[in-house]
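Chain and residue survey
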Amino acid sequence: MTDHLSGLNPEQREAVEAVDGPLLVLAGAGTGKTRVLTTRFAHILLTGRAFPGQVLAVTFTNKAAREMRLRVGAMLGRPAEGLWLGTFHALCARMLRRHAELVGLTASFNILDADDQLRLLKQVMEADGLDTKRWAPPALMAVIQRWKDRGLPPDRITAAENTDFAAGRARALYAAYQARLRTLNAADFGDLLLHMTEILRGHADVLALYHRTFRYILVDEYQDTNLVQYLWLRLLAQSHRNICCVGDDDQSIYSWRGAEVENILRFEKDFPGARIVRLERNYRSTAPILAAASGLIAHNEGRLGKTLFPGRDDATGEKVSVTGVWDSDEEARAVGGHIEQLHRDGEKLAEMAVLVRAGFQTRAFEERLITLGLPYRVVGGLRFYERAEIRDAIAYMRVLHQPADDLAFERIVNVPRRGVGEQALRALHTTARERQIPLTAAAAELIEQGGLRGKPRAAIGDLLAGFARWRETLASEGHVVVLATLLDESGYTEMLKQDKSIEAPGRLENLKELVRALADFETLAGFLDHVSLVMENDENAEGDRVSLMTLHAAKGLEFDTVFLPGWEEGLFPNQRTMDESGAKGLEEERRLAYVGITRARRRVFISHAANRRIYANWQSSIPSRFIEELPDEQVAHAGSVALRRDRMLAAPSVFTGGFPLAARRPRTVEAWEQPARPPREDAIAVGARVFHQKFGYGIVTAAEDDKLDIAFDKAGDKRVLDRFVEKV
DNA sequence: AGGTTAGTAATTTTT
DNA sequence: TTACTAACCT
């Protein structure tokens, strides 16, 4: 009976066993947070307090939800089914489909992604006669999203709130946007929470239904909740108050997305009599890493206050290394060299990560790793379902499934090019608006009545006939076959085959992958919901590779070795954050630094460059204040003494800007040089046509050992290692 | 309708 | 520097 409790430390055990009443678990980095949460879940079920369907477990990411499901299942000894376990958005979508009519939608409403949202909003703004050059749609989108984050529908926006955008037109535009969503039978991400909260607030019977259903509530990453998520939780928890929130105020790094740390700081006030358990024993990192992280985060005010201490006896280890380098190129070389050295000493590449403040920083490291021949993966970036070709294919499927999906139809009506331009589209829109019918219906009508002529008429007619045909294929052959058919018959694959750009072959591959992915779903509707809610991107996950990602993307992960480059004022802490959010922004940047350091089990390498290229020109920069804030005794300034003096002598004046290239001679350590490798067997000869993952197709112009000079069709002349190309 | 060019802007982004 | 958009040309 208590099997699942063995191996927990006293605090963890307390957090698991305090089942009744409100509980806040303050879980520092690496203190077994997930373990507590899953064990608590299993404990509730195993002690017979609730059936699986009576526990509501909320996470932020699909990944976290998947992991929890897996681990709960393992503890129960059977697959965990029938659980209300998922992300805020997925759970709300599931609930909202039951009560959609209460907010003017039907159960089969569409969930729009960021792209659709923006296009729709832009249309609304243009319809209102707003100059979208002067007033950027993304800016208004952000305003609207912040309102939704705070649980505010248009009618609850006060005049005082409404001054920011386009001289007070934001509220009216918001209302118009919501009206458009309703006519399209669609909801955006924010709506899932907003609608559900409104329903729970306004319909006592629905609220009572969920009070009866959910006897226990578990919440992960509570520090990242926004106001509407908090309201939703509070409504659901208000009768029994069996709510357990797990979080770490020191890891709150999403305030710019509407997250409010105050939610966690206020927990005791919101739930009087709440118990608070602190998890401070860290089982992940060495003592110096923990001390460095703690020393840094201590500079923040307004914390609930936790101190991480080593939970392992063997937690001695290397000091945190801080290195100053001349410029960003040297930084990339140094990091690459360290990675290579560690790899040669037997460390796994998959146990190393380079964590940067902003996405563009990964490029320098990518290039360096390519040169060194070290495999890597970039985490984040464009997700699979966000790629243009995938979104196009899905748009076709959406129209197939739901002919009234105007946004999807608009996306593909001229992709591939069919000669349908602005004119034709405007005619469709006009008819659709006048007759209050969807675009596809308007198109059919216009063709019938001769409202369209020439090329557009034939093209749109063909497309509509195509959809009719594909709908039959869907009925007879199923959704997997229809996608392949449709891509061929619409000319989409042909378009990509004709496309000579570097990306085209990859795009075709992605579409094949999409067809494969589609086979995992029983129905088209199920697949489309998955696409909206579970945008994930797992390719490249396999194999021993170095990880490159932003600090934000690294939250929740851990590695033996972590590289933290670019610790310079302006870049990290980021100037724009400080300009926009002042002292609060700085504290969030510091938490980001804290997250970065605490990702490491054994080694942390921080570096800062004296010169960095920003767009076209070089700029000199000074080390991040966070470096000074690290406790001295935990830090080893590797090689920086000489470099510091060097920098003082050679650094260009801020006023002169650039400096002669000759001064930029890096001091690359010899040991980092490329090790000799045996030549590969299927050696590629001069004149061979090859394909490179990053540079595309090209012709080999020279070969020397394992290095090839290649004239790429698009990317120009490059020298690359032979194992990165394949013969075609 | 579609391709070309000039001008502008450039974090982080769990869903 | 690059990437994207809006105006401009064919």
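The following paragraphs examine the structure supplied in this document.

Rules and cut-offs
Residues numbered from 1 in each chain as written. Chains lettered and ligands numbered in written order. Predicted model: local features only at pLDDT ≥ 70, side-chain atom pairs only at ≥ 80, totals over all residues. Heavy atoms only, no water. Helix = DSSP H or I, 4+ residues; strand = E, 2+ residues; numbered from the N terminus. Buried < 20%, exposed > 50% of the residue type's maximum accessible area, 1.4 Å probe, protein only. Contact = heavy atoms within 4.5 Å. Areas by Shrake-Rupley, 256 points an atom, 1.4 Å probe, with all protein chains shown as cover. Near = heavy atom within 4 Å. Polar contact = N/O pair within 3.5 Å; in protein donor to acceptor, adjacent residues only side chain to side chain. Nonpolar A, V, L, I, M, F, W, Y, C, P; charged D, E, K, R; others polar. Phe/Tyr/Trp six-rings, centres within 6.5 Å; stacked < 30°, edge-to-face > 60°. Lys NZ or Arg CZ within 6 Å of the ring centre and 35° of its normal. Pairing = 2+ DSSP bridges. Expected span 1.5 Å × (residues − 1). Axes fitted to C-alpha atoms, helices over the stretch in contact; angles between N-to-C directions. Parallel < 35°, antiparallel > 145°, perpendicular 65-115°, else oblique. Left-handed = near helix turned anticlockwise from the far one by under 90°.

We now examine the overall build of chain A. Scanning chain A for helices and strands turns up 28 helices and 23 strands. In chain A, which comprises 728 residues, the share counted as buried stands at 51%. Within chain A, counting contacts between residues at least 6 apart in sequence, those at least 24 apart form 75% of the total. Of the roughly 32900 Å² of accessible surface on chain A, 52% is carried by carbon and sulfur atoms.

Around DNA strand B there are 30 residues in total, and R257, R357, R383, T550 and T577 lie nearest to it. Here, DNA strand B places atoms within 4 Å of the protein, and 55% of those atoms are sugar or phosphate. Between G359 and DNA strand B, the recorded distance is 2.8 Å, taken from a backbone N or O atom to a phosphate oxygen. In the environment of DNA strand B, a phosphate oxygen lies 3.2 Å from a nitrogen or oxygen atom belonging to the backbone of E422. Secondary-structure elements contributing two or more residues to the surface near DNA strand B are α18 (422–435) and α26 (575–597). Here the element with the most residues in the surface near DNA strand B is α26; it accounts for three residues. Per-class residue counts for the surface near DNA strand B are nine nonpolar, 13 polar and eight charged.

Right, let's get into the packing of aromatic side chains. Counted under the stated rule, the structure contains 19 aromatic pairs. For the pair F384 and Y385, a centre-to-centre distance of 5.2 Å together with 70° between the ring planes defines the contact as edge-to-face. Like Y385, F384 is buried. Here the aromatic cluster, defined as three or more aromatic residues joined through ring pairs, consists of F384, Y385, F521 and F527. Directly above the ring of F109 sits R97, whose terminal nitrogen or CZ lies 4.2 Å from the centroid. Over the ring of Y230 we find R266; its NZ or CZ atom is 4.6 Å from the centre of that ring.

Counting buried positions along strand β15 (residues 559–564) gives six out of six residues, so the element sits mostly inside the fold. Bridge analysis of strand β12 (residues 352–356) against β15 gives three bridges, and the strand direction is parallel. From the neighbouring strand, A353 faces β15, where its bridge partner is V562. As paired elements, β15 and strand β16 (residues 600–614) share five bridges and run parallel to each other. Paired with F563 across the strands is F605, a residue of β16.

Over its twelve residues, helix α4 (residues 88–99) runs 17 Å from end to end, which matches the ideal 16 Å to within 8%, given 1.5 Å per residue. Turning to α4, its buried residues are F88, L91, C92, A93, M95, L96 and H99.

This part takes up the pairing of β12. Of all five residues in β12, five are buried; the element is thus mostly enclosed. Burial along β12 is two-sided: the residues M352, V354 and V356 and A353 and L355 are all buried. Here β12 pairs with strand β14 (residues 546–550) via four bridges, running parallel. Bridge pairing in β14 links L355 to M549.

One can describe the packing of helix α21 (residues 479–489) onto helix α23 (residues 504–518) by two numbers: an axis separation of 8 Å at closest approach and a directional angle of 160°. Put simply, α21 runs roughly antiparallel to α23. Here α21 runs over α23; the crossing is right-handed. Counted together, H479, V480, L483 and L487 of α21 and L511, L514, V515 and L518 of α23 form the full contact between these two elements. Looking at the contact of α21 with α23, its residues break down into seven nonpolar, one polar and no charged.

Turning our eyes to something else, we now look at the sheet that holds strand β8 (residues 275–279). Spatially, the six strands line up as an open sheet ordered β3-β2-β6-β7-β1-β8, and their pairing is parallel. Because the sheet does not close on itself, it has two edges, and the strands there are β3 (84–87) and β8. The sheet shows a mean angle of 15° between the axes of neighbouring strands, taken without regard to direction. As judged from the four bridges shared by strand β1 (residues 23–27) and strand β7 (residues 243–247), these two strands associate in the parallel manner. Counted as the bridge partner of L26 is G247 from β7. Sitting on the sheet, helix α2 (residues 33–46) is in contact with β1, β2 (55–59), β3, β6 (216–219), β7 and β8, with an inclination near 170° to β6. Contacts from α4 reach β2, β3 and β6, with the element oriented near 120° to β3.

The next subject is the environment of R182. By the element assignment, R182 lies in helix α7 (residues 170–183). Residues R182 and R234 lie 52 residues apart in sequence; the distance between their C-alpha atoms is 27 Å. Not counting the four nearest positions on each side in its chain, R182 is found in contact with V103, G104 and L105.

The next point concerns helix α10 (residues 227–237). The buried fraction of α10 is high, at nine of eleven residues. Taken together, the buried positions of α10 are occupied by V228, Q229, Y230, L231, W232, L233, L235, L236 and A237. A distance of 3.2 Å separates the backbone nitrogen of V228 from a side-chain oxygen at the start of α10, and that oxygen is part of N226.

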